[in-house]
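Commentary on secondary and tertiary structure
Below are the chains, spelled out letter by letter.
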Amino acid sequence: MLLGASGSGKSTLLIGLAGLLEGGESEGVLRVDGLDPRTARARTEIVFQDPESSLVMARAGDEVAFGLENRCVPPPEIWPRVDEALGAVGFPYGRERPTDALSGGEQQRLALAAALALRPGLLLLDEPTANLDPEGAALVRGAIGRLVAGGRLTMLLVEHRVAEAADLVDRVIVLEAGGVVVADGPPDEVFATRGDELAAAGIWVPNHPLPMPVRRQRRAPETVLTAQHLGYRLPGEQSLAVGPMDVGVRSSEALAIVGPNGSGKSTLALLLGGLVRPSTGSVTGSDQQPIWRLPAQRLARIIGSVFQDPEHQFLMRSVREELTLAPLQKHASTAEASRKAGELMERLQLTALAEANPFTLSGGEKRRLSVASALVAEPSVLILDEPTFGQDRRTAVELLDLLSRQRDEGTAICFVTHDLPFAAALADRTLELAR
């Protein structure tokens, strides 16, 4: 298991071992089976932090079969191996399921199935359960555990849920910024002797839970968004994918939306944010107007959204420009906009990346930037989809404090999450969706 604070180079190391690292400056030697990783690609498979980046086919079965066909696996073997891999990760649909109809967690299972079907000698996993519900995460860990125990592969795992995954690994390596190894040994030994030190450095370790946020005086909540008989139907489908349901979002409260993958949590977040037109019912603001009909500029002043894929909301060429955009659009002075951006960059460990292009950041850094860009706009409603995805312990604590402070100052917060400890620390109410 490879651990380290956000930005320590974990994902970069995995990409290098997969033989996919191009450009930039490097030093030292990297070998897989004694070979340059680019030469050893046939024995190596990687599952990326963002599963959507690896999906290429329109149907789930074809996605898993794609790699097998490219490796010239005999045709009679392909579909049995496809079905075996889909079953191993608990994929909930058949081969014909369109890949563009999958939730983020379902995409993650499919990407893992495609990798397992190739029976690699080295499996590189970057946060493989981050988008999965607890049941799905347990299924995936079980599938990986059986493969490792059977001696079929070597695995290098970057994982956020360290306590749950510790039994899968024989060795823990901890990196700090710059890729320096600061700990290396059996999990029990590393966590017992260095646990407090590692947690203080922002690394997830067992038995070091999130601290509960400070409880501050709050105004009485008022309903700011009202969903009545709300439902959404996917194009071409007869039945509703979400709803119908009634939901209220209130000021000075945090509402957690939880449930299994595919239950419609992200779609509900888009509906509540006015970014998708409901198929049934409506979502209205305090003025009783349907929010999906509001002009974009007016909607953005009321609701700040953080998408499941943060890249979908980046507009500017640098982190600093991304965070000064909203204040400048609200006619703040350049000095005031820079001050607000600087405060958020400092709190969310983005200061050193101020001039970096948002699209070059790591997955965890992109997530923090998307949250910061929503916070700096100071909306009255904040809707976030998986805000802790890819975060180390230190930045998760900062996010918890920032969001709890916003809630206590009157902001209505609604967040989708599989991170149940984070939900327990922040949420005042919980809405659980069924599949």
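The structure under discussion appears in the preceding block.
Residues numbered from 1 in each chain as written. Predicted model: local features only at pLDDT ≥ 70, side-chain atom pairs only at ≥ 80, totals over all residues. Heavy atoms only, no water.

**Examining the sheet that holds strand E7 (residues 223-232)**
Spatial strand order, E8-E7-E10: 3 strands in an open sheet with antiparallel pairing. Since the sheet does not close on itself, it has two edges, and those belong to strand E8 (242-250) and strand E10 (280-284), each with one partner. Strand-to-strand twist in this sheet, taken as the mean axis angle between neighbours without regard to direction, amounts to 10 degrees. Where E7 lies against E10, 4 bridges are found, and the strand directions are antiparallel. In the sheet register, Gly231 faces E10, and the bridge partner there is Thr280. (Pairing = 2+ DSSP bridges. Helix = DSSP H or I, 4+ residues; strand = E, 2+ residues; numbered from the N terminus. Axes fitted to C-alpha atoms, helices over the stretch in contact; angles between N-to-C directions.)

**Some remarks on unusual backbone geometry**
At the junction of Gly243 and Pro244, the peptide bond is cis and its omega measures out at 5 degrees in the coordinates. If you check the backbone angles, Gln288 has positive phi at about 70 degrees while not being a glycine. By relative accessible area, which is 57% here, Gln288 ends up exposed. (Buried < 20%, exposed > 50% of the residue type's maximum accessible area, 1.4 Å probe, protein only.)

**Quick word on the sheet that holds strand E11 (residues 303-306)**
As summarised here, the arrangement of the 5 strands in space is E11-E12-E13-E9-E14, forming an open sheet in which the pairing is parallel. In this open sheet, the two strands that pair with only one neighbour each are E11 and strand E14 (429-432). In this sheet, neighbouring strand axes are inclined to one another by 15 degrees on average, regardless of whether the strands run parallel or antiparallel. Relative to strand E13 (residues 412-416), strand E12 (residues 381-385) runs parallel, the two being bridged by 5 bridges. If you follow Ile383 over to E13, its bridge partner there is Cys414. Of the strands in this sheet, strand E9 (254-258), E11, E12, E13 and E14 are in contact with helix H8 (residues 265-272), which crosses E9 at around 145 degrees. (Contact = heavy atoms within 4.5 Å.)

**Quick word on the packing of aromatic side chains**
Tallied over the entire structure, the rule returns 3 aromatic pairs. Seen in terms of ring centroids, Phe314 and Phe359 are 5.8 Å apart; in terms of plane orientation they differ by 85 degrees. Their pairing is edge-to-face. Residue Phe314 is found in the loop between E11 and helix H10 (319-329), and its partner Phe359 is found in the loop between helix H11 (334-347) and helix H12 (363-375); the two are separated by 45 residues along the sequence. According to the relative accessible area criterion, Phe359 is partly exposed, its value standing at 40%. A cation over a ring is seen here: Arg97 above Tyr93, with NZ or CZ 4.1 Å from the ring centre. (Phe/Tyr/Trp six-rings, centres within 6.5 Å; stacked < 30°, edge-to-face > 60°. Lys NZ or Arg CZ within 6 Å of the ring centre and 35° of its normal.)

**Quick look at the nonpolar core**
Residues Val64 and Phe415 are the most contacted members of the largest nonpolar core, which totals 85 residues. When residues of this core are assigned to their parent elements, the largest contribution, 8 residues, is made by helix H4 (residues 104-117). If we ignore the near neighbours within four places in the chain, the residues touching Phe415 are Ala254, Leu255, Ala256, Ile257, Leu384, Pro387, Phe422, Ala423, Leu426 and Ala427. Ranked by size, the runner-up nonpolar core spans 26 residues in total, among them Leu230, Val249, Val276 and Leu433. (Core = buried A, V, L, I, M, F, W, Y, C linked by side-chain atoms within 4.5 Å.)

**Focus: the environment of Glu96**
In this structure, Glu96 sits in the loop between helix H3 (75-88) and H4. A C-alpha to C-alpha distance of 17 Å links Glu96 and Leu112, two positions 16 residues apart in sequence. In terms of polar contacts, Glu96 uses its side chain to reach the side chain of Arg59, at 2.7 Å. (Polar contact = N/O pair within 3.5 Å; in protein donor to acceptor, adjacent residues only side chain to side chain.)

**What about the pattern of salt bridges?**
The full count for this structure, using the stated rule, is 29 salt bridges. Glu321 is the partner of Arg317 in a salt bridge, and the nearest nitrogen-oxygen pair spans 3.9 Å. Among the residues examined, Arg317 registers a relative accessible area of 67% and is labelled exposed. A salt bridge links Asp428 to Arg407, with the shortest nitrogen-to-oxygen separation between them at 3.8 Å. One end of the pair, Asp428, is in the loop between helix H14 (420-426) and E14; the other, Arg407, is in helix H13 (residues 393-408), and 21 residues separate them in sequence. In this structure Asp428 comes out as partly exposed when scored by relative accessible area, which is 33%. (Salt bridge = Lys/Arg side-chain N within 4 Å of Asp/Glu carboxyl O.)

**Observations regarding the packing of H10 against H11**
Relative orientation of the contacting elements H10 and H11 amounts to 130 degrees, with a least axis distance of 8 Å. Relative to H11, the element H10 lies oblique. Relative to H11, H10 is oriented so that their crossing is right-handed. Only Thr334, Ala337, Ser338, Lys340, Ala341 and Met345 of H11 make contact with H10, whose side of the interface consists of Val319, Arg320, Leu323, Thr324, Pro327 and Leu328. In terms of residue class, the contact of H10 with H11 is made up of 7 nonpolar, 3 polar and 2 charged. (Parallel < 35°, antiparallel > 145°, perpendicular 65-115°, else oblique. Left-handed = near helix turned anticlockwise from the far one by under 90°. Nonpolar A, V, L, I, M, F, W, Y, C, P; charged D, E, K, R; others polar.)

**What about the pairing of E9?**
Most of E9 is tucked away: 5 of the 5 residues are buried. Taking every second residue as pointing to the same face, both faces of E9 are buried, with Ala254, Ala256 and Val258 on one and Leu255 and Ile257 on the other. Across 4 bridges, the pairing between E9 and E13 is parallel. Paired with Ala254 across the strands is Ile413, a residue of E13. The pairing of E9 with E14 spans 4 bridges and is parallel. In the strand pairing of E14, Ile257 is matched with Leu431.

**Examining the environment of Gly4**
Considering the arrangement of structural elements, one finds Gly4 in strand E1 (residues 2-4). Taking the relative accessible area as the measure of exposure, Gly4 reaches 10% and is therefore buried. Each C-alpha atom of the pair Gly4 and His160 lies 10.0 Å from the other, and the pair is 156 residues apart in sequence. Beyond its immediate chain neighbours, meaning those up to four positions away, Gly4 contacts Lys10, Leu175 and Ile203.

**Some remarks on the side chain of Lys265**
Within the fold, Lys265 resides in helix H8. There is no salt bridge for the buried Lys265, and the closest opposite charge comes from Glu386, which lies 5.9 Å off by N-O distance. Here the side chain of Lys265 touches Gly259 through a polar contact of 3.1 Å, landing on its backbone oxygen. Within the structure, Lys265 has its side chain in polar contact with the backbone oxygen of Pro260 (distance 3.0 Å). When sequence neighbours within four positions are dropped, the list of residues in contact with Lys265 reads Ile257, Val258, Gly259, Pro260, Val416, His418 and Leu433. (Lys, Arg positive; Asp, Glu negative; His and termini not counted.)

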